[in-house]
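# What the coordinates show
Read off the chains here:
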Amino acid sequence: MADTVLYSARRIITMEPTQPHATHVLVREGRILGVGGPEIAAPWGTVRHDDRFRDAVLLPGFVEAHSHMMTGALWEYLYCGNVDRLDPDGTLWPGVTTVDEMIGRMQAAIARLPAGAPLVCWGFDPLFFEGDRLNRLHLDRAATDRPVVVIHQSFHLMTVNSAALDMAGYGPDTNAEGVPRLPDGSLMGELQEMAAMFPVMRRLNLSLQDLSRGERAMVQFGKAAVQTGVTTATDLYAELDDTELDTLLSVTARADYPLRIVPALGVIGMEPETAVARALAVRARSTDMLRMGICKVMTDGSIQGFTARMNWPGYLGGQPNGIWNLEPARLKSLIAALHGAGLNMQLHTNGDEASGFVLDAIEEAMWTHPTGDSRHTLQHCQMAGEDQFHRAARLGVCVNLFANHLWYYGDAHCDFTVGPDRAARMNACRSALDNGVTLAIHSDSPVTPLGPLHVAWCAVNRITPKGRVLGANQRLSVLEALHAITLGAARTLKLDRDIGSITPGKCADFAVLGDDPLTRAPEDLRDIPVLGTVQGGRVFVK
Amino acid sequence: MTAIPVTLISGYLGAGKTTVVNHILSDQHGRRICVLVNDFGEIALDADLIDNRTGDTVALSNGCMCCTIGNDFYSAIDRILRMSPRPEHLVIETSGVADPFKVGQIALAEPEMDLRGVIVVVDAVNFANAMTDPFLGDTLRNQLATAGLVLITKSDIASPGALKSLRVTVATLAPEALRMVADHGRVPSELLLDPLPLRLKRSDPHAHAQDHDHDHGAEYRGWVWTGSARADSAALDRLLGADIAGLYRLKGLVQTEDGGWNAFHRAGLHAERRAVDPPHGQGRAVAVGLAGHFDPAELQSAWDRVLDHG
Ligand SMILES: [Zn+2]
């Protein structure tokens, strides 16, 4: 007879209308057997009582529907961000906010490295850093005898020391965009965008793609998930070649692996028939802990990089419109083929021209292959207005909005990219819900830190570091935001049959919180401690 | 290590980039060229030209190779830079929506690469239509603005009106670029790979009065010959000095009646011929001349008279 456990909690927030709140949940074979008060155990025979969550609050396990495998592996590099963060192994890394603090941390790390070995750092965000813009002269204080590389939080920039510039062959004659200079005419050490970073990265064998591969990346991703209450996470652009797939299958099958992974097959660069065949082939190898079959389609770039495809009036500074990832005609045939094969697509669209184009393409595909429930999802979809949300709802298209952007880039959007009026309707969560669109919200970790409670906090408060409130009318209630990181997110992945709420029959996946988000002030949402998770009935709480 | 020369070939879907790439790969230019393409699917290479094929690379019997970008453009570039021996020239076929200005930055930033030119392919039949596509028009405008050489394809099947309006558009959007008519992609590869005026600047919109007769960028036509026939040296010298309407450049490598090899070159009024070591491949001659003046057919018959058919 299988073990049946009755957990008690201070409160259980279920996301189910029949019974929104409970105090007890009964678990058997990794699934939820009952939800309610202490009486629910009675019909089910012998049960074991477990009161370890007596003072905790249980929510459905958080679903991060847009994150990347690189999340945990990045900690192989030295963290130099401004906020205090825990690494996947539980070590606290206090934020650094001055050059002196950063150099001190680098020197300590260099002392542990072999002679001449490069030092690679990450997490640095110049927007949140005091003093002069970081340059090579600062980093030369850490080392002159080896390359020092600081990857910015955005992953679009890096700052390097003089030794790294020399190694890459950069010098007075360098004449490329994205290699700025200091007032004295010498190179600054900042390298903007991939083309400028490439000479350094290739000489250091620094590949962020490779970093996401292999067992260690998967294990660290799992640990990072437990710390943030996540029990299901996407790896939203996966190559899924045979080696990677075998490793994923074996790691996620381990008895102590805490995370259900949903890799989205990256299909850019594939012919439509190849993409369909590959997606169907990997889908057939899915397990409960590794759900495959969804496809990631890229369409445009990013708003802060001025590469997103925007409708009129475009960018604030008159920058040219952004860049398509693929010819619009090819995108259409790719979308038609995947839709026609019954595959779910997660479509990266940042600008409103891109999201409008994708809605056109999906509608066209639907005339050929009518469907009631394809649940294609617009990822980021940051600029969509009422018209596009209304249309998405009619077409059965979901959105996964980038709520974290409101905090991390909100001021930049007001001041530099689109201006305050359009910034106020960015990531318009309220419009999505009011138009009847299935809504998820995300971190795009590691682009912004993994942490669904922070994402929900952004959607609830819409506040920026400078204290602006971006579009007060677009704010969500705490419960709506919690829905978007649980059941809403599960729905966008078509996994809500199994996860996303606490109700009999679903997986026993819980986020274990130290306080009650429905009674704490909405502005404190991100400060609520996460104690760990329960995943498939297995407890991952220290 | 010396930097590898790099040429970008840009242009929208259907403009004819692939034909140009195919021609570069199969032409008997004697250079070991590596072409980086998005997808092998469209590169219909002659089967007996293919030496061997591994995952992302096809090696050709003429020493050239064709690589696919695969998952990541930058790792593909890194792979090529690590090749030993390194190809003599790298040609990058960009996607139809790529901005050559952005793609070109990699070859400006990386010291082991040397950007030689940006070629933008437009086709005379569909270009006007493509320019009115709301999702694409600005992309094509940006591509043209970076061109050092604009290759015009399908001019043989375009209506005279379409061709005329294409010339006006190109002259307006890429006023300083050279233009070349390249029906069926047949342009001497040398002309494509030679250094071109670099136009990787966005900051200099070229102001023009409406009435200003627009022709900074001259338009050219190419001619090419490859073969093993020997040339009569006296006749060759006569050709190098002859009056050939619109000829801008003529150069080549050919075996003469005594069995020796000669390189020859003519640019404007200056011409020379000298003995050289035998090349690996066949004889070859290429020419380029001003469109409207230079007639490749006429040069071909003049060349036929130089060849010793005895
Ligand atoms: Zn992402």
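Residues numbered from 1 in each chain as written. Chains lettered and ligands numbered in written order. Predicted model: local features only at pLDDT ≥ 70, side-chain atom pairs only at ≥ 80, totals over all residues. Heavy atoms only, no water.

## Topic: the overall build of chain A
Counted only if it meets this: Labels follow the DSSP assignment, with helices taken as runs of H or I lasting at least four residues and strands as runs of E lasting at least two, numbered in each case from the N terminus. Summary of the burial criterion: residues with accessible area below 20% of their type's maximum are buried, those above 50% are exposed, and those between are partly exposed, where the area comes from a 1.4 Å probe applied to protein chains only. In this analysis, two residues are considered to be in contact whenever any of their non-hydrogen atoms come within 4.5 Å of each other. To be clear on the numbers: accessible area is Shrake-Rupley with a 1.4 Å probe, and residue cover counts the displayed protein chains and nothing else. Charged residues are defined here as Lys and Arg on the positive side and Asp and Glu on the negative side; His and the ends of the chain fall outside this count. A charged residue contributes its charge at one atom only: NZ of Lys, CZ of Arg, CG of Asp or CD of Glu.
Within chain A, the regular secondary structure consists of 19 helices and 23 strands. In chain A, which comprises 542 residues, the share counted as buried stands at 62%. The long-range share in chain A, meaning contacts at least 24 apart out of those at least 6 apart in sequence, stands at 72%. Accessible surface computed for chain A: about 19,700 Å², of which carbon and sulfur atoms make up 53%. Mean positive and mean negative side-chain charge positions of chain A (48 and 61 charges, respectively) differ by 3 Å.

## Regarding the overall build of chain B
Short version of the rule: Radius of gyration here is computed from C-alpha atoms only, and the compact-globule reference equals 2.2 Å multiplied by the residue count raised to the power 0.38.
Each helix and strand counted, chain B has nine helices and 16 strands in total. For 310 residues, the compact-globule formula gives about 19 Å, and the C-alpha radius of gyration of chain B, at 20 Å, lands near that figure. For the C-alpha atoms alone, the extent of chain B along its principal axes is close to 60 × 55 × 35 Å. Residue burial in chain B is summarised as follows: out of 310 residues, 54% are buried. Taking all contacts inside chain B whose residues are at least 6 apart in sequence as the whole, residues at least 24 apart take part in 75%. Carbon and sulfur atoms make up 51% of the accessible area of chain B, which totals about 13,400 Å². One way to put it: in chain B the 28 positive side-chain charges average out to a point 2 Å from where the 39 negative ones average out.

## Notes on the confidence of the model for chain B
All names here are of chain B. Stated formally: How sure the predictor is of each residue is captured by pLDDT, a score from 0 to 100.
Overall, the prediction assigns chain B a mean pLDDT of 84, with 90% of residues at 70 or greater. Throughout residues 203-215 the model reports pLDDT below 50, and contacts reaching past four residues in sequence, or to other chains, amount to eleven contacts. For this predicted complex, the interface confidence reaches an ipTM of 0.85, while the overall pTM sits at 0.88.

## Considering helix α10 (residues 328-340) of chain A
All names here are of chain A. Applicable threshold: What a helix should span is 1.5 Å times the count of its residues minus one. In this description, one arc is meant: the one made by directions from the helix axis to the C-beta atoms.
An ideal rise of 1.5 Å per residue puts 18 Å on 13 residues; α10 measures up with 18 Å between its terminal C-alpha atoms. Those residues of α10 lying buried are P328, L331, L334, I335, L338 and H339. Viewed along the axis of α10, the buried residues span an arc of 125°, placing them on a single side of the element. Just downstream of α10 lies G342, where phi reads positive at about 75°.

## Points about the domain arrangement of chain A
Residue and element names in this part refer to chain A. To be explicit about the condition: Start and end points for every domain follow an automatic or database-based domain assignment. For any pair of parts, buried area is found by adding up, for both, the accessible area (1.4 Å probe) each one loses once the two are put together. By definition, a salt bridge exists where a carboxyl oxygen of Asp or Glu is found within 4 Å of a side-chain nitrogen of Lys or Arg. Counted as a polar contact is a pair of N or O atoms within 3.5 Å, where, for protein atoms, one must be capable of donating a hydrogen and the other of accepting one, and residues adjacent in sequence contribute only when both atoms are in side chains. Lys, Arg, Asp and Glu make up the charged group, whereas Ala, Val, Leu, Ile, Met, Phe, Trp, Tyr, Cys and Pro make up the nonpolar group; the residues left over, Gly among them, are polar.
Examined at the domain level, chain A breaks down into domain 1 (82-152 + 156-203) and domain 2 (273-504). Here the C-alpha centroids of domain 1 and domain 2 sit 32 Å apart. A per-residue breakdown of the area domain 1 buries against domain 2 is headed by R85, L127 and F128, which together make up 68% of the total. On the surface where domain 1 and domain 2 come into contact, there are zero salt bridges. Joining domain 1 to domain 2, the criterion identifies zero residue pairs in polar contact (both at pLDDT 80 or more). Grouping the constituent residues of the side of domain 1 that touches domain 2 by class yields two nonpolar, one polar and one charged.

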